[in-house]
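# Geometric and topological summary
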Amino acid sequence: MKKTYQELEKEIEALRTTNNLIENSSVIRIIWKAFSEWRVEFVTENIKDVFGYSAKEFLTASVKYSDIIHKDDFQTIKGEILDKGSDGSSFIEHKPYRIIAKDGSVKWLKDITSIHRNNGGEITHYEGIIIDITEQVEAEEAEEAISDNELRWQFAIEGNSDGLWDWNILTDEVYYSSQWKKMLGFSGDEIKGDLYEWDSRVHPDDKQKALEDINRHLRGETDFYENEHRLLCKDNTYKWILDRGKVITFSKDNKPIRIIGTLSDITKRKKAEQDLRDNEKKFRTLVDNMSDLVFMVDSDMRIITINETARTLVNRKIEDIVGKRVSDLFPARISKDYIEKLREAFVIKKQIKADSELEIGITKLYISTELNPIFDKKGKMIAVMGVSRDITERKVAEQTLLKSEARLIESNKTKDKFFAIIAHDLRSPFNSMLGFSDLLYNNFYEYNIEKQKKMIDILHNSINSTYKLLDNLLLWSQSQRGIIELSKEQFNLKQLFIDTTNLLQQSVDDKDITLAVTIPVEINIVVDKQMFATIIRNLITNAIKYTPRNGLIDVNAAIQIENKEEYIEVSVSDNGVGITSEVQTKLFDINESISTKGTENESGTGLGLVLCKDFVEMHNGKIWVESEIGKGSLFTFTIPSKLISLTENEENVVEKKDHFVFLVAEDEEINFMFLKILLSNHKLDIEIIRAVNGEDAVDICKNNSDICFVLMDLKMPVMDGFEATSLIKKFRPDLPIIAQSAYTTKKDKQKADLAGCDSFISKPISKKALKGVIDRFLVI
């Protein structure tokens, strides 16, 4: 019987009411077709709340229900539908299954489905309700997991000697396992099940840190609680334990309410660690007290560790060194080679030895280093341990030895040169002198006066040149052996030039050379007087030698000031033969045999210029030459000096008189005879008294007040000239005493000055030199 319209209206209204109720609930109503794709014909809008897909997406087949069922559950669901459809069932109640929501999350579902058939029994569609049971399933799984884990954990813990504890945070009740109690030496009934048991047994020094670690975990700052502390045992000793735990239960407002943990006895490990620390401390003390530099570097060239010796050397704090690269601690020029050696050690994985230079500030060190590879347990190289030893002393000794060897080689060359000069340049003039003196001695009366004079002139010149050579040889030998010391003194510049050129005047006159000496002003300077005079004498002598007759020699000296520094500049120029550029580069080198004949066949050795260079450089000065063949040469030298304004002459001056009494203290008869001849040729009326030793000289001066001038030989028997001068000056302080000696060392001159000598004149004494010194001290 067909339903009436009113009955249909009621059913529609009931369906609408049902749908409205479903839409506002968590229950999803769905209808789908009975074929393989399970196409959805109807679904309530609230499906989106669970599946993430809208009802429209299902109705338009944009999403197929069969596609979103979890792959592990799909066959089960499909099998249940086929089974129920074939056995004539009218509904299906699936076991909970999973679908994959639109956001990728997994949802657990429970559904009940009605099977609709036609009159022929064929399935036309399915209609069901779906409920989201995800929260319930996860809660059950978590509870089961907790229960299972607790059982497994407790079994594992109790089985490997660790103790177990379970703390109810809300009640402060604590479960201590039998192993926990046993670990501290207690039986089951001797430990109460509360937090106080643990709190009362923690070592006071460890408690604060332990509580901090627990609270950090309870606040969620750490994933688990872990702390090492000491617990009091039954026998009143302490055991080191490793305490670990984790919150496993939270309240609805996410507050921790239950934490489970384990207790492990680590006393042996702690003792081993302490022993290791003690050993490390001893080792560290040993390493830090080593004089060697010890360090460790990783593959990134960063410092891992360093001992105290190395830290002190670098002069930085440990924290400013560890972690820094080698290149951060040392300049590139030093670290480059060192880093290359370190990298080489990482490549070859073997010990490397290397010597290198190290600069720390202004300190330069030489170090010898052994680089040893460090491997981990798996055999992987992780670092290089370096031990560097300061070998500066050894290196300096080696360098000193090398320099000594070089000096020895140079000395041998110098010695060879010295003996070559003696063998040839000094022997040759003696052969000449012996030959001519022999001719004169045996055939004197056979020669006329002109022939005799010519031979004597040759002898005179030969003796003069030989003496100059001998003087240079002695001075140069002393300079090479370091005997000559630089001794600066104040003297008059102009007077020194006058005294020096007077000694050379005879040679100038012999060649009719014009010698022009230009001194700007009479000024005093402070240099080594003897060395200065030697330089001038040698330069002028060379100029005379290479200047032709009627030539010109200019000697100039001036004080220069540059950058507030004063220095003397002296130049000696001539219009002689000149010097080639090749020879100019060898003039000042003792190892070069540069010796050419003068314009009148004068011989030489080149030693004078070498001596000039030595003396100039001893004054921190420079010497050089400029020359052109056929036009002459210009020799110039500069010596730093202190410039002093000219002061009044403070030397002793005797009264002007007509008759003079001289004392000549000289033990050698031939030398006295020579001086007597020189003085007799002087224009003054001179009376000469002789003393044969120093004691005789003192007595004569005491007993003869007329003596106004003394020539004092320094080397005499009984009493030498130094002591005699000192004694005479005590009772005749104004008496001019002139030292005369063939020994011209600086020490002799200084000793003579200290004894009271007023001046010094070197043997052999020339007529002009003697005249010059007399004129200085006597008013004519």
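The rules we used
Counting restarts for each chain, with residues numbered from 1 along the sequence as it is written. Given that the model is predicted, a residue must reach a pLDDT of at least 70 before its local features are reported, and side-chain atom pairs must reach 80 or more before they are shown or counted; all residues, however, enter totals for whole chains, interfaces and linings. As a rule here, side-chain values cover all heavy atoms of the structure and leave hydrogens and water aside. For patches, a residue must show more than 30% relative accessible area and have no salt bridge; joins then use 9 Å for like charges and 5 Å for nonpolar side chains, namely Val, Leu, Ile, Met, Phe, Trp and Tyr. For the area figures, the Shrake-Rupley method with a 1.4 Å probe applies, and any residue is considered shielded solely by the protein chains shown. The working definition used for a salt bridge is a side-chain nitrogen of Lys or Arg within 4 Å of a carboxyl oxygen of Asp or Glu. Only four residue types enter the tally: Lys and Arg on the positive side, Asp and Glu on the negative side, with His and both chain ends excluded. The location of each charge is read from NZ of Lys, CZ of Arg, CG of Asp or CD of Glu. Helix and strand assignments come from DSSP, with helices taken as H or I runs of at least 4 residues and strands as E runs of at least 2, each series counted from the N terminus. Pairing between two strands requires that DSSP report at least two bridges joining them. Between N-to-C directions, angles cover 0 to 180 degrees, with each direction set by a line fitted to C-alpha atoms, over the stretch in contact for helices. Residue contacts are counted whenever heavy atoms from the two residues lie within 4.5 Å of one another. The rule is short: rings of Phe, Tyr and Trp, with Trp giving its six-membered ring, pair when the centres are within 6.5 Å, and they are stacked under 30 degrees, edge-to-face over 60, tilted in between. Lysine and arginine charges are scored as sitting over a ring when NZ or CZ, respectively, is within 6 Å of the ring centre and within 35 degrees of the ring normal. For any helix crossing, the convention is left-handed if the near helix is rotated counterclockwise from the far helix by under a right angle, and right-handed if that rotation is clockwise. Only Asp, Glu, Lys and Arg are considered charged in this grouping, and only Ala, Val, Leu, Ile, Met, Phe, Trp, Tyr, Cys and Pro are considered nonpolar; every other residue, Gly among them, is considered polar. We call two directions roughly parallel when the angle between them is under 35 degrees, roughly antiparallel when it is over 145, roughly perpendicular when it lies between 65 and 115, and oblique otherwise. Definitions used throughout: a 1 Å grid over protein atoms alone; a cavity as a set of points that fits a 1.4 Å probe which cannot get out; a pocket as an open set with protein on both sides within 12 Å along at least five of seven lines; a lining residue as one with an atom within 4 Å of a point. Grid points are joined across faces, edges and corners, and a volume is the space filled by probe spheres set on the points. Known as pLDDT, the predictor's confidence for each residue is given on a scale from 0 to 100. We call a set of buried residues a nonpolar core when its members are Ala, Val, Leu, Ile, Met, Phe, Trp, Tyr or Cys and they connect through side-chain atoms within 4.5 Å of each other. Here the term buried applies to any residue with accessible area under 20% of the maximum for its type, exposed to any over 50%, and partly exposed to those in between, with areas from a 1.4 Å probe on protein chains only. When the strands point away from the viewer, a crossover counts as right-handed if the path from the first strand over the helix to the second runs clockwise.

## Things to note about a negative patch on the surface
On the surface, a cluster of negative charge is made up of E135, E138, E140 and E141. If you trace the backbone, E135 turns up in helix α6 (residues 134-159).

## A closer look at the sheet that holds strand β23 (residues 632-640)
Strand order in the open sheet formed by 5 strands is β18-β20-β21-β23-β22, and the pairing between neighbours is mixed. Edge positions in the open sheet fall to β18 (514-518) and β22 (622-628), since each of these has one partner strand only. Neighbour-to-neighbour, the strand axes of the sheet open up by a mean angle of 15°, direction not taken into account. Bridging between β22 and β23 involves 7 bridges; their strand directions are antiparallel. In the strand pairing of β23, V625 is matched with F635. On top of the sheet, helix α19 (residues 607-618) reaches β22 and β23; it is set at about 140° to β22, its chief contact.

## Here's the deal with the pattern of salt bridges
If you walk through the whole model with that rule in mind, you get 28 salt bridges. With a shortest N-O distance of 2.9 Å, E221 and R219 are connected by a salt bridge. A single network of salt bridges, built from pairs that share partners, joins K209, D213, R216, R219 and E221.

## So, the sheet that holds strand β8 (residues 173-176)
Strand order in this open sheet of 5 strands is β8-β7-β11-β10-β9, and the pairing throughout is antiparallel. Unpaired on one side and paired on the other, β8 and β9 (225-232) mark the two borders of the sheet. Neighbour to neighbour, the strand axes of the sheet diverge by 25° on average, direction disregarded. Here β9 pairs with strand β10 (residues 238-250) via 8 bridges, running antiparallel. Counted as the bridge partner of E226 is R244 from β10. Each of β7 (163-168), β9, β10 and β11 (256-265) touches helix α9 (residues 204-218); the most contacted strand, β9, lies at about 150° to it.

## Overview of the packing of aromatic side chains
Across all of its chains, the model carries 11 aromatic pairs by this definition. Ring geometry for F51 versus F58: centroids 6.0 Å apart, planes at 85°, classification edge-to-face. A network of ring pairs unites the aromatic residues F51, Y53, F58 and Y65 as a single cluster. The residue whose ring lies beneath K751 is F722, and the NZ or CZ to ring-centre distance is 4.5 Å.

## A closer look at the packing of helix α17 (residues 529-546) against α19
Their axes nearest at 9 Å, the elements α17 and α19 cross at an angle of 150°. With respect to the hand of their crossing, α17 and α19 are arranged in left-handed fashion. Contact with α17, carried on its side by M531, T534, I535, N538, L539 and N542, involves G608, L609, L611, C612, F615, V616 and M618 of α19 and no other residues of that element. Its residues assigned to classes, the contact of α17 with α19 shows 9 nonpolar, 4 polar and no charged.

## Digging into the packing of helix α21 (residues 694-703) against helix α22 (residues 721-731)
Running from amino to carboxyl end, α21 crosses α22 at an angle of 15°, the nearest separation of the two axes being 9 Å. On the basis of their axis angle, the class for α21 and α22 is roughly parallel. In this structure, the crossing between α21 and α22 has a hand that is right-handed. Residues G694, A697, V698, C701 and K702 of α21 pack against A724, L727, I728 and F731 of α22. For the contact of α21 with α22, the residue count by class is 7 nonpolar, 1 polar and 1 charged.

## Here's the deal with empty space enclosed by the protein
Counted according to the given criterion, the structure contains 4 cavities of 30 Å³ or more. The volume enclosed by the second largest cavity comes to roughly 120 Å³. Among the secondary structure elements, those contributing two or more residues to the lining of the second largest cavity are β1 (27-33), α5 (71-86), β5 (106-117) and β6 (123-132). In terms of residue class, the lining of the second largest cavity is built from 11 nonpolar, 3 polar and 1 charged.

## Some thoughts on the confidence of the model for the protein
Averaged over every residue, the pLDDT of the protein is 80; residues scoring 70 or more account for 80%. Per-element confidence in the protein ranges from a low mean pLDDT of 50 for helix α1 (residues 5-23) to a high of 94 for α21. Here residues 646-655 scores under 50 on pLDDT; set against residues more than four positions off or in separate chains, the count is 18 contacts.

## Things to note about the nonpolar core
Counting 40 residues, the largest nonpolar core has F497, F532, L539 and F637 as the members making the most contacts within it. Within the residue set of this core, elements represented by two or more residues are α16 (493-510), β19 (524-527), α17, β20 (552-562), β21 (565-574), α19, β22 and β23. The contacts of F532, once residues within four sequence positions are left out, are F491, L493, L496, F497, I525, V527, I568, V570, F637 and I639. Grouped together as the second largest cluster of nonpolar side chains are 25 residues, I28, F58, I77 and I81 included.

## Some points on unusual backbone geometry
Backbone geometry at D172 places phi at a positive 60°, although glycine is not the residue there. Here D172 is to be found in the loop between β7 and β8. Of note in the backbone geometry, V718 takes a positive phi value of approximately 65° without being a glycine. Looking at the secondary structure, you find V718 in the loop between β27 (707-713) and α22. Relative accessible area serves as the criterion here: at 65%, V718 is assigned to the exposed category.

## Quick look at the pairing of β27
Burial within β27 is extensive, with 7 of its 7 residues counted as buried. Here strand β25 (residues 659-665) pairs with β27 via 5 bridges, running parallel. The residue of β27 that forms the bridge with V664 is L711. In terms of strand pairing, β27 meets strand β28 (residues 737-741) through 4 bridges, oriented parallel. Along β28, the bridge assignment pairs V710 with I737. Handedness of the β27-α22-β28 crossover: right-handed.

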